[in-house]
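Here is how the chains run, residue by residue.
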Amino acid sequence: MAEIRGSGGVVYRKVDSAYFEKRGFRRYAGVWSLWALGVGAVISGHYSGWNLGLATGGWGGMLAAAAIIMVMYIGLVFCIAEMAPALPHTGAAYSFARSAMGPWGGFITGLCENVEYVLTPAVIVFFIGSYLGAIFETPANFQPIWWVLMYAMFLALNIVGVELSFRVTLVVTLAALAVLIIFWVSAIPHIDFNRWALNMAPDGTELPEGNGPYFPFGIHGVLATLPFAVWLFLAIEQLPLAAEESIDPKRDMPKGIILGLITLIISAAMIVWLNPSVIGVGSFALGKSGEPLLDGFRAIYGDSAAKVLAFVAVIGLIASFHTIIYAMGRQIYSLSRAGYFPTALSITHGGYKTPYVAMIAGALLALAVMLIVWFGVGSEKGAAIIGGTLLNMAVFGAMFSYILQAASFIMLRRNLPNIERPFRSPLGIPGAVLTIVIGSVTVYYQLSDPVYRVGVIAVACWFVLGILYFALFARHRMILSPEEEFAMEHQNKV
């Protein structure tokens, strides 16, 4: 078997066509399938998670933090909208960084995203289990059964075929958005903004009559709220992972991701305005809530409909769970096909043409982490770790991947100015620089929180293990996959 030496001490094996025949995809996705993939991945963050920022910044701090993070994502999305059709490979972030920074930069970017895509569905399925436990009145020790059932069900939907997977994605995303629209329409006649949204005092206590300051904790409160505002947009960047299953990625990828971001901006603005403003809810209580949308529905419709409302609230979690399982499989697949991860992980199903090995492996890893935590420290502490520390680890990995993707954009603009770019970012390099600056500030404030720091240590351990595996083994047995071949070809032209 022929070997080719690349940069960074990497050795490639030239494989025959049979290797890629076992790793083929089927094209299906159009603009609206891509839109649903991006919006569906994020939508659970509009149901819960973002609201914890109300406790650190107050209503005005939350709004300002959301606006800053929105600017970061606009910069990121325009970078991705340019890079994805120019490098239409399943690797997405890893392939962007590989072409810009070489194999080491590509692998580290891939590791960052791997943390996000393996752990995010684990956190979401934990919340799904909590909701279903309340609906069906199952005991706490039944939680792991809910997790296994949900993974089994949605792995099956993702494995059976790309057509079914994208149809389910579109349906659950539209259903999740419909629930949010119903809430907005229901909430508007039941809000008292000054009394409830502004009910936090500068010392963090509740103001019984409301009418407090917009920024009770000042500029520090705004900056401390940035990590929570990320939940309003987190995972929109996964959309380019569908590049090799898109009918026309050069045309549809920019449209899908930009339309998705516009949808999320509108939804984020409505939920941040209305949810804390509902009479009987308020920013103070919502800042500590694990189910803010459900709190809003209860305040409007009463506790008698609690179970029905809880079931409705699960829809958003299901939408994100299903779509991020899709992304997890493609992300692991792409790193495996190129040899960064064991190549067996990239085998696709002979009939369905889906990366079933990668999806099952990622799901088993996530479940193993959850079960070790749950049974190792007990259900009460385990719930806090799964819902808190694992969540923080996912966000930390995502933020670093954003910084590296924006840096890749800048390097590709400068080093490969002549590659075909069907879409060009109107923000150019300044937009990418702004993404890096805001992303770096957000990471700093993540690290300033002791809860986040625990997760960072765990992510650092994963990085060390991954880099050791690549340095000692994988870099000597790489494969000339499409993204690697593209990068090497254009590297020689620089």
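Residues numbered from 1 in each chain as written. Predicted model: local features only at pLDDT ≥ 70, side-chain atom pairs only at ≥ 80, totals over all residues. Heavy atoms only, no water.

Here we take up the overall build of the protein chain. The number of helices and strands found in the protein chain is 17 helices and 3 strands. Taking 23 Å as the expected radius of gyration for a compact globule of 494 residues, we find that the protein chain reaches 22 Å, a close match to that expectation. For the protein chain, the proportion of contacts with a sequence separation of at least 24, taken over those separated by at least 6, is 81%. If the 28 positive side-chain charges of the protein chain are averaged to one point and the 27 negative ones to another, these points end up 9 Å apart. (Helix = DSSP H or I, 4+ residues; strand = E, 2+ residues; numbered from the N terminus. Rg over C-alpha atoms; globule rule 2.2 N^0.38 Å. Contact = heavy atoms within 4.5 Å. Lys, Arg positive; Asp, Glu negative; His and termini not counted. Charge placed at Lys NZ, Arg CZ, Asp CG, Glu CD.)

As a further point, take the packing of aromatic side chains. Evaluated as defined, the whole model comprises 29 aromatic pairs. Between Tyr73 and Tyr402, the aromatic rings sit 5.2 Å apart at their centres with planes inclined by 75 degrees, giving edge-to-face as the arrangement. A residue pair is termed long-range when its members are at least 10 positions apart, and Tyr73 in helix 3 (residues 53-86) and Tyr402 in helix 14 (residues 379-415) qualify at 329 residues. Note on accessibility: Tyr73 and Tyr402 belong to one class, buried. Aromatic side chains Tyr94 and Tyr340 sit 5.2 Å apart centroid to centroid with 75 degrees between the ring planes, which places their arrangement in the edge-to-face category. Highlighted residues: Tyr94 in helix 4 (residues 93-136) and Tyr340 in the loop between helix 12 (306-337) and helix 13 (356-377), separated in sequence by 246 residues. (Phe/Tyr/Trp six-rings, centres within 6.5 Å; stacked < 30°, edge-to-face > 60°. Buried < 20%, exposed > 50% of the residue type's maximum accessible area, 1.4 Å probe, protein only.)

Here 3 strands make up an open sheet; going across it, the order is 1-2-3 and the pairing mixed. The outermost strands of the open sheet, each flanked by one partner alone, are strand 1 (3-5) and strand 3 (478-479). Taken together, the 3 bridges between strand 1 and strand 2 (residues 11-13) define a ladder with antiparallel strand orientation. Among the inter-strand pairings, Arg5 is bridged to a residue of strand 2, identified as Val11. (Pairing = 2+ DSSP bridges.)

Another aspect to go through is the pattern of salt bridges. A pair can form between side chains of opposite charge whenever their charged atoms are brought close. Taken as a whole, this structure holds 12 salt bridges when the rule is applied. Asp248 serves as the salt-bridge partner of Arg251, at 3.9 Å between the closest nitrogen and oxygen. In this structure, Arg298 and Asp295 form a salt bridge, with 3.7 Å as the shortest nitrogen-oxygen distance. Of this pair, Arg298 and Asp295 are both found in helix 11 (residues 292-301), 3 residues apart, which corresponds to roughly one turn of the helix. Within the structure, one salt-bridge network assembled from shared partners comprises Glu82, Arg413 and Arg421. (Salt bridge = Lys/Arg side-chain N within 4 Å of Asp/Glu carboxyl O.)

The next subject is the confidence of the model for the protein chain. The predicted model of the protein chain averages 91 in pLDDT, with 99% of residues at 70 or higher. When the elements of the protein chain are averaged for pLDDT, helix 17 (residues 482-491) gives the smallest value, 81, and helix 7 (residues 193-197) the largest, 97. (pLDDT = per-residue confidence, 0-100.)

Glancing now at a nonpolar patch on the surface. A cluster of nonpolar side chains, contributed by Trp32, Leu259, Ile262 and Ile266, occupies part of the molecular surface with about 400 Å² of accessible area. A per-element tally of the nonpolar patch places helix 9 (residues 249-274) first, with 3 residues. Inspection of the secondary structure assignment puts Ile266 in helix 9. (Patch = residues over 30% accessible without salt bridge, like charges linked within 9 Å, V, L, I, M, F, W, Y side chains within 5 Å. Areas by Shrake-Rupley, 256 points an atom, 1.4 Å probe, with all protein chains shown as cover.)

So, about the nonpolar core. Counting residues in each nonpolar core, the largest one holds 157 residues, and the members touching the most others are Ile69, Tyr73, Tyr151, Phe183, Leu232, Ile271 and Phe321. Considering every element that reaches this core, the biggest residue donor is helix 4, with 19 residues. For Ile271, the residues in contact, after removing those within four places along its chain, are His46, Trp50, Leu180, Phe183, Trp184, Leu232, Pro276 and Leu293. (Core = buried A, V, L, I, M, F, W, Y, C linked by side-chain atoms within 4.5 Å.)

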